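For reference, the chains in residue letters:
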Amino acid sequence: MGTYKLDVETPIGVLEIIGTEQVVQSILFVERESKRSMEQDVPNVLRQCRDELIAYFRGERMTFTFPTEQIGTTFQHDVWDALQTIPYAETASYRELAERVKRPTAVRAVGATNGRNKLSIVVPCHRVIGSTGKLTGYAGGLWRKEWLLQHEKQVAHQPQ
């Protein structure tokens, strides 16, 4: 089973999508120009991911439906699952996340797991902030985290 890549250009840089014919395994910002892929060489799941991300950045989508897969420990999966319970346009602290996974003293481990998330935006690690409300840590850069949070707030407050 092969691995495939597809880039998507966003308002805040290039996202590289990596996956198999069945699942998306990674969506990460890369500091380079977008590489063109031959459409016929890319599995449908990666094209669906790209299309849903484009819709997210247009303010037309708040959730994602394509299949994903992350490899990690039970604790890591618990944290990644908890991240997906943070509502669109809202935030939670690392401490709140630790409490959600019933490990209130594991704040640092939650932070480390948050940093190992390979499914940016889809598993919304950008919605996790410090206990003081300050933006902290984001693999894509704090400026992107701030942009994503502002984007979601603007979309959430638009009249439907």
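Residues numbered from 1 in each chain as written. Predicted model: local features only at pLDDT ≥ 70, side-chain atom pairs only at ≥ 80, totals over all residues. Heavy atoms only, no water.

Taking an unreviewed UniProt entry as the reference, the chain is identified by name as Methylated-DNA--protein-cysteine methyltransferase belonging to Exiguobacterium sp.. In its Subcellular location (unreviewed entry) section, the UniProt entry covering the chain states "Cytoplasm". Under the UniProt heading Sequence similarities (unreviewed entry), the entry covering the chain gives this text: "Belongs to the MGMT family." (UniProt positions renumbered as here; feature names shortened; annotations may be inferred.)

A.B. asks: Give me the lowdown on the domain arrangement of the chain, citing residues and values where you can.
C.D. replies: How big an interface is tends to be stated in terms of the accessible area lost upon association of its parts. Here the domain parsing of the chain yields domain 1 (4-58) and domain 2 (74-157). Computed from C-alpha coordinates alone, the two centres of domain 1 and domain 2 are separated by 22 Å. Facing the 14 residues of domain 1 at the interface are 16 residues of domain 2. Overall, the association of domain 1 and domain 2 removes approximately 1,300 Å² of surface from exposure, summing both partners, and the carbon and sulfur fraction of that is 68%. Considering only the side of domain 1, the residues that lose the most area to domain 2 are I12, F29 and Y56, jointly responsible for 50% of the buried surface there. In this structure, the connection of domain 1 to domain 2 is made through one salt bridge. One can count six residue pairs in polar contact (both at pLDDT 80 or more) joining domain 1 with domain 2. No other element matches the six residues that strand 3 (residues 24-30) contributes to the side of domain 1 that touches domain 2. (Domains from an automatic or database assignment. Contact = heavy atoms within 4.5 Å. Buried area = accessible area lost by both parts, 1.4 Å probe. Salt bridge = Lys/Arg side-chain N within 4 Å of Asp/Glu carboxyl O. Polar contact = N/O pair within 3.5 Å; in protein donor to acceptor, adjacent residues only side chain to side chain. Helix = DSSP H or I, 4+ residues; strand = E, 2+ residues; numbered from the N terminus.)

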